[in-house]
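Here is how the chains run, residue by residue.
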Amino acid sequence: MSDSTAQLVFLPGDGTGPEVVREARKVLDALGEGDAHPWSVEEHPGGAIYYRDHGKEWEPASEEAALHADAVLLGAVGWPGIMLPDGNIAGAALVLGLRRRLDLYANVRPCRLYPGVLHRISGKFSQVWSPENVDLVVVRENTEGLYTPVHGRLDRGGSTDVAVDTRLITRKGAERVIRYAFELAGRRGRGAPEDKARRVTCVDKSNVLAGCQFFRETYDRIAAEYAGVARDYAYVDAFTQWVVRNPEHYDVVVSTNMMGDIISDLASVLQGGMGFAAGGNIGEGHAMFEPVHGSAPKHAGKNEVNPMATFLALEMMLRYLGDRRSDSRFTRQADRLERTIARLLADGSVRTYDQGGTVRTSEAGDRVAAAIRGEAA
Ligand code: IPM
Ligand code: MN
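Because the structure is a prediction, the values reported are computed rather than measured.

1. Some thoughts on the nonpolar core
Phase 1 of the analysis: Counting residues in hydrophobic clusters, the biggest one holds 85 residues, and the most contacted among them are L8, V139 and F289.
Phase 2 of the analysis: Broken down by element, this core gets its largest block of residues, 10 residues, from helix α9 (residues 308–324).
Phase 3 of the analysis: Built from parts of two domains, this core gets at least three residues from each of domain 1 (1–112 + 273–377) and domain 2 (119–271).
Phase 4 of the analysis: In contact with F289, other than residues within four places in its own chain, are A71, V72, L73, L74, G279, G280, I282, A313, M316, M317 and Y320.

Right under this line is the structure:
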C-alpha cells in the first residue's frame, strides 16, 4: 500500500465541462469526509475559451500538473468557432494531447444499463433493452489509427485541392490494447450476459483494410495466450446492427481508434445515452478519466445536463487508483459511489432532462452527495 497521497488533477474545460466537474468535486468531497482521505485535488483551467482569452490552451504549470498527476479528471473541451491555427479544435492539447503525451493507449468505455434508466427513442422515453442484457466494455485504441498526426492539406493558389489522413496501425499499438482487452475480460470475470462466457470481440474491417488485417492477426496471436477467454470477430459495419439487436452477446470489445470512437457513441444509446457514458484513458503509468459527452454548447450554462457520466468516470478513477496503488481505501469509496448511484437511478430521484425528468445538474450532485453522507463508509 502506498502511503503518499494521490495527487488528482481536475480539468473542467469548456461548456458543460465545468458544470459536471463541479458536481464531481461535491461527490468526491462527500466521499472524503470523516476519515483522512488518501487524495488531494487541484483544479486547472484550460480549453477553447481559455485559448480565446489568453492565446494559449492552458498554462505551462497546468500542463506540468497534469503530466505528473496520479490521475486526471477531464470535463470537456471545445467551443464552436474557436480553432487552432492548424484547424484543430482549441483545447485539443487537454484531450488528444494528453492521450499521446501520457501514452494513454487504452480508452476504456463501459456500457452498462442501470435499472431505472430510460432510453429516448424518437423523442419518447422507453425501456427497449433490459439492464441484465447490457453490460459490455468498449476498449478503443487511443494513440494511433486515423488519429495519427500524419496528415495535411495541399493548398494551391489560395484554396485546398487535397486533404489526406494516414491510418497507422503499429505492432506495439495493436498488441498492447488487445492485451489490455483480454486482461480486462479476465478481471471483470462475469462474462457476457448471454452465456456468462468471457469473450473479447475484435471489431475491424479486415475484409478490406490492411491495417485491420494486421490488427486481427495480432488479436489472434494474443488470444492464443488466453485460453479462458472466447474469441469473437465482427466487421465494424455488421457490429453496429448486432450490438443493438443482441447486446447480451458482448463482454469486452476491442477496436482501432476511430472505429472505437464511433461504436462507443452508438453503444451509449443502450445505456441510456451520453449522460451515462464514462471513459478511462489508461496507460502504463498514467490515467485520465472523462465523461464522453463533450462540452455540449447547446446545453452549457443551463444547469441541466446529466452529471452521471462524470460520477461514473470518478468511480472508474477511484477503482483504478485502488488497483494501481494496492490501496483498498480507494476501492471501498468506488464501491460506495457505485452503490449510491445505482440506488438513486433505480428510485428515479436523479432524473435529469435527458431522462424526461426535471432534476437539475446541481440537484443531482446534491442528492448523490447527501446519499453518500447518509450511508456508512
Ligand atoms: C472522444 C471525443 C474526442 C475524440 C474528440 C473531442 C477529439 O469524440 O473522446 O470520443 O475524437 O476522441
Ligand atoms: Mn467521440
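Text resumes after the structure shown.
2. What to know about the site of ligand 1
Phase 1 of the analysis: Inspection of the region around ligand 1 gives L96, R99, R109, R140, Y147 and D261 as its neighbouring residues.
Phase 2 of the analysis: Within the side chain of R140, a nitrogen or oxygen atom sits 2.9 Å from an oxygen atom of ligand 1.
Phase 3 of the analysis: Y147 places a side-chain nitrogen or oxygen 2.6 Å from an oxygen atom of ligand 1.
Phase 4 of the analysis: Protein chains shield 73% of the accessible area of ligand 1, which is 320 Å² for the free molecule.
Phase 5 of the analysis: Classifying every residue of the shell around ligand 1 by side-chain character gives 2 nonpolar, no polar and 4 charged.
Phase 6 of the analysis: The residue makeup of the shell around ligand 1 includes at least three contributed by each of domain 1 (1–112 + 273–377) and domain 2 (119–271).

3. Regarding empty space enclosed by the protein
Where empty space is left can be seen by rolling a probe of water-molecule size over the atoms.
Phase 1 of the analysis: All chains considered together, the criterion is met by 3 cavities of 30 Å³ or more.
Phase 2 of the analysis: Of the volumes computed, that of the largest cavity is approximately 50 Å³.
Phase 3 of the analysis: Surrounding the largest cavity, R109, P110, C111, V138, S264, A267, S268, Q271, A277, A278 and V292 form its lining.
Phase 4 of the analysis: Breaking the lining of the largest cavity down by element, the ones donating at least two residues are β4 (106–112) and α8 (257–268).
Phase 5 of the analysis: For the lining of the largest cavity, the per-class residue count stands at 7 nonpolar, 3 polar and 1 charged.
Phase 6 of the analysis: Both domain 1 (1–112 + 273–377) and domain 2 (119–271) contribute no fewer than three residues apiece to the lining of the largest cavity.
Phase 7 of the analysis: Quantified by volume, the second largest cavity comes out at close to 40 Å³.
Phase 8 of the analysis: Around the second largest cavity, the lining residues are L96, R99, R100, N142, T143, Y147 and N257.
Phase 9 of the analysis: With 3 residues, the single largest contributor to the lining of the second largest cavity is helix α4 (residues 92–101).

4. Describing the sheet that holds strand β12 (residues 252–255)
Phase 1 of the analysis: Here 10 strands make up an open sheet; going across it, the order is β2-β1-β3-β14-β13-β4-β7-β12-β10-β11 and the pairing mixed. Each edge of the sheet is formed by a strand with only one pairing partner; in this case those strands are β2 (39–43) and β11 (230–235). When the angles between neighbouring strand axes are averaged without regard to direction, this sheet yields 20°.
Phase 2 of the analysis: Strand direction decides the pairing type here: strand β10 (residues 199–204) and β11, joined by 6 bridges, are parallel. Counted as the bridge partner of V200 is R231 from β11.

5. Description of the domain arrangement of the protein
Phase 1 of the analysis: Its domain assignment divides the protein into domain 1 (1–112 + 273–377) and domain 2 (119–271).
Phase 2 of the analysis: When each unit is reduced to the centre of its C-alpha atoms, the spacing between domain 1 and domain 2 is 23 Å.
Phase 3 of the analysis: Contact with domain 1, which involves 24 residues of that partner, is made by 26 residues of domain 2.
Phase 4 of the analysis: Of the roughly 2300 Å² buried between domain 1 and domain 2, counting both surfaces, carbon and sulfur atoms make up 52%.
Phase 5 of the analysis: Counting across the interface, domain 1 meets domain 2 through 2 salt bridges.

Reading guide: rules and limits
- Residues numbered from 1 in each chain as written.
- Chains lettered and ligands numbered in written order.
- Predicted model: local features only at pLDDT ≥ 70, side-chain atom pairs only at ≥ 80, totals over all residues.
- Heavy atoms only, no water.
- Core = buried A, V, L, I, M, F, W, Y, C linked by side-chain atoms within 4.5 Å.
- Buried < 20%, exposed > 50% of the residue type's maximum accessible area, 1.4 Å probe, protein only.
- Helix = DSSP H or I, 4+ residues; strand = E, 2+ residues; numbered from the N terminus.
- Domains from an automatic or database assignment.
- Contact = heavy atoms within 4.5 Å.
- Near = heavy atom within 4 Å.
- Polar contact = N/O pair within 3.5 Å; in protein donor to acceptor, adjacent residues only side chain to side chain.
- Areas by Shrake-Rupley, 256 points an atom, 1.4 Å probe, with all protein chains shown as cover.
- Nonpolar A, V, L, I, M, F, W, Y, C, P; charged D, E, K, R; others polar.
- 1 Å grid on protein atoms, 1.4 Å probe; cavity = no way out; pocket = protein on both sides within 12 Å on 5 of 7 lines; lining within 4 Å.
- Points joined across faces, edges and corners; volume = space filled by probe spheres on them.
- Pairing = 2+ DSSP bridges.
- Axes fitted to C-alpha atoms, helices over the stretch in contact; angles between N-to-C directions.
- Buried area = accessible area lost by both parts, 1.4 Å probe.
- Salt bridge = Lys/Arg side-chain N within 4 Å of Asp/Glu carboxyl O.

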